[in-house]
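Architecture and fold: a report
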Amino acid sequence: MAGPMRPQIVLFGSSIIQMSFDNGGWGAILANLYARKADIVLRGYSGWNSRRALEVLDEVFPKDAYVQPSLVIIYFGGNDSIHPHPSGLGPHVPIEEYVENMRKIANYLKSLSDHIRLIFLTSPPISEIQIRKKLSATQSGRTNEHCGIYARALVELCEEMNLKVINLWSAIQQREDWLDVSFTDGVHLSAEGSQVVLKEILKVLREADWKPSLHWMSLPTEFAEDSPYYPPSPDGTTTINVSYSIPRRHLQWDL
């Protein structure tokens, strides 16, 4: 691992995580906001459900790792919620098992460190019409109603366990035109959909009473001191400290 040591923020989940750096994705924007402050580590695995995640959890997050994450943002549920296939194959996980799998994931991650923080993301909604137009028959069995059932089950679990949770299924549907703008294919998020995810994550990070705070504006900037090697000021008497030059275009989402 490259030094100096920074907080590590791990994004862990299925395709909503793996593709979070695509299409103006929320993961890429987080990485930009946390530049010189924390390392955003992508651990996304398209097609996974909570059952598969639980099978290899100790490989993705070894207990004896030299550095444990400061924050893990976890998403599973969309694949679990797909209706079962007659063959018994496929990603479907019964809702009772899904809830217990997510409980086990939370408990394992909390056991890694006294200082680790968790944010769970529920299933986002889907556009069934767009799925039929753009995705193959392998995506059949997805319904927005079933995504909502799994989303509510995760919210209830996190409330029971006193964990931070973002109900994406509800948040994305707050926009009147969400069906038209939120997806690239009916399942995966467009730039507009990612903006909702980003806004909700930053809201949790700003409002959480975590010590230390993990909100990007609260973290120190690495090597932020003035340097004679920075660009000279117009009058040539000093230099311009550019260590804080994070693009401001994303601040509209930091409400």
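Refer to the structure printed above.
Residues numbered from 1 in each chain as written. Predicted model: local features only at pLDDT ≥ 70, side-chain atom pairs only at ≥ 80, totals over all residues. Heavy atoms only, no water.

1. Quick look at empty space enclosed by the protein
Throughout the structure, instances matching the rule amount to two cavities of 30 Å³ or more. Empty space within the largest cavity amounts to approximately 70 Å³. Lining the largest cavity are Ser 15, Ile 16, Met 19, Ser 20, Asn 23, Trp 26, Thr 184, His 188, Leu 189 and Ser 194. Of the residues contributing to the lining of the largest cavity, the split by class is four nonpolar, six polar and no charged. Counted as a void, the second largest cavity has a volume near 40 Å³. Lining the second largest cavity, in full, are Ile 16, Tyr 75, Gly 78, Ser 123, Pro 124, Pro 125, Ile 126, Arg 142 and Val 187. (1 Å grid on protein atoms, 1.4 Å probe; cavity = no way out; pocket = protein on both sides within 12 Å on 5 of 7 lines; lining within 4 Å. Points joined across faces, edges and corners; volume = space filled by probe spheres on them. Nonpolar A, V, L, I, M, F, W, Y, C, P; charged D, E, K, R; others polar.)

2. Overview of the packing of helix α2 (residues 26–33) against helix α10 (residues 191–207)
Put simply, α2 and α10 touch, their axes get as near as 8 Å, and they point 45° apart. Comparing their axes, α10 and α2 come out oblique. Each of Trp 26, Ile 29, Leu 30 and Leu 33 in α2 lies in contact with α10, whose residues at this interface are Ser 194, Val 197, Leu 198, Ile 201 and Leu 202. Of the residues contributing to the contact of α2 with α10, the split by class is eight nonpolar, one polar and no charged. (Axes fitted to C-alpha atoms, helices over the stretch in contact; angles between N-to-C directions. Helix = DSSP H or I, 4+ residues; strand = E, 2+ residues; numbered from the N terminus. Parallel < 35°, antiparallel > 145°, perpendicular 65-115°, else oblique. Contact = heavy atoms within 4.5 Å.)

3. Considering the packing of aromatic side chains
Taken as a whole, this structure holds five aromatic pairs when the rule is applied. On the numbers, 4.1 Å between centres and 15° between planes, the contact of Tyr 45 with Trp 48 is stacked. Relative accessible area serves as the criterion here: at 24%, Tyr 45 is assigned to the partly exposed category. With a relative accessible area of 15%, Trp 48 lands in the buried category. Judged by centre distance (6.1 Å) and plane angle (80°), the ring pair of Trp 178 and Phe 183 falls under edge-to-face. Here the two residues Trp 178 and Phe 183 agree in accessibility, since each one is buried. (Phe/Tyr/Trp six-rings, centres within 6.5 Å; stacked < 30°, edge-to-face > 60°. Buried < 20%, exposed > 50% of the residue type's maximum accessible area, 1.4 Å probe, protein only.)

4. Some thoughts on the pattern of salt bridges
What the rule picks out here adds up to nine salt bridges. The residue Arg 175 makes a salt bridge to Asp 177 at a minimum N-O spacing of 2.9 Å. Judged by relative accessible area, Arg 175 falls into the partly exposed class, the value being 31%. Among the ionic contacts, a cluster of salt bridges with common partners joins Arg 6, Asp 39 and Glu 222. (Salt bridge = Lys/Arg side-chain N within 4 Å of Asp/Glu carboxyl O.)

5. Comments concerning the state of the cysteines
Counted according to the given criterion, the structure contains zero disulfides. The thiol sulfur of Cys 147 is not disulfide-bonded, and the nearest other cysteine sulfur, from Cys 158, lies at 17 Å. (Disulfide = S-S within 2.5 Å.)

6. Focus on the pairing of strand β4 (residues 117–121)
Judged by how many residues are buried, β4 sits mostly within the fold: four of five residues are covered. Each parallel crossover has a hand, and for strand β3 (residues 71–75) linked through helix α5 (residues 95–111) to β4 it is right-handed. Where β4 and strand β5 (residues 164–166) come together, three bridges link them in parallel fashion. Its bridge partner lying in β5, Leu 121 is registered against Ile 166. (Right-handed = clockwise from strand over helix to strand, strands pointing away. Pairing = 2+ DSSP bridges.)

7. Let's talk about the packing of α5 against helix α7 (residues 144–161)
The geometry of α5 relative to α7 is characterised by a closest axis approach of 10 Å and an angle of 40° between their N-to-C directions. Between α5 and α7, the angle is such that the two are oblique. For the element pair α5 and α7, the recorded crossing hand is right-handed. Listed contacts from α7 to Ile 95, Tyr 98, Val 99, Met 102, Arg 103, Ala 106, Asn 107 and Lys 110 of α5 are Ile 149, Tyr 150, Ala 153, Leu 154, Leu 157, Glu 160 and Met 161. Its residues assigned to classes, the contact of α5 with α7 shows 11 nonpolar, one polar and three charged. (Left-handed = near helix turned anticlockwise from the far one by under 90°.)

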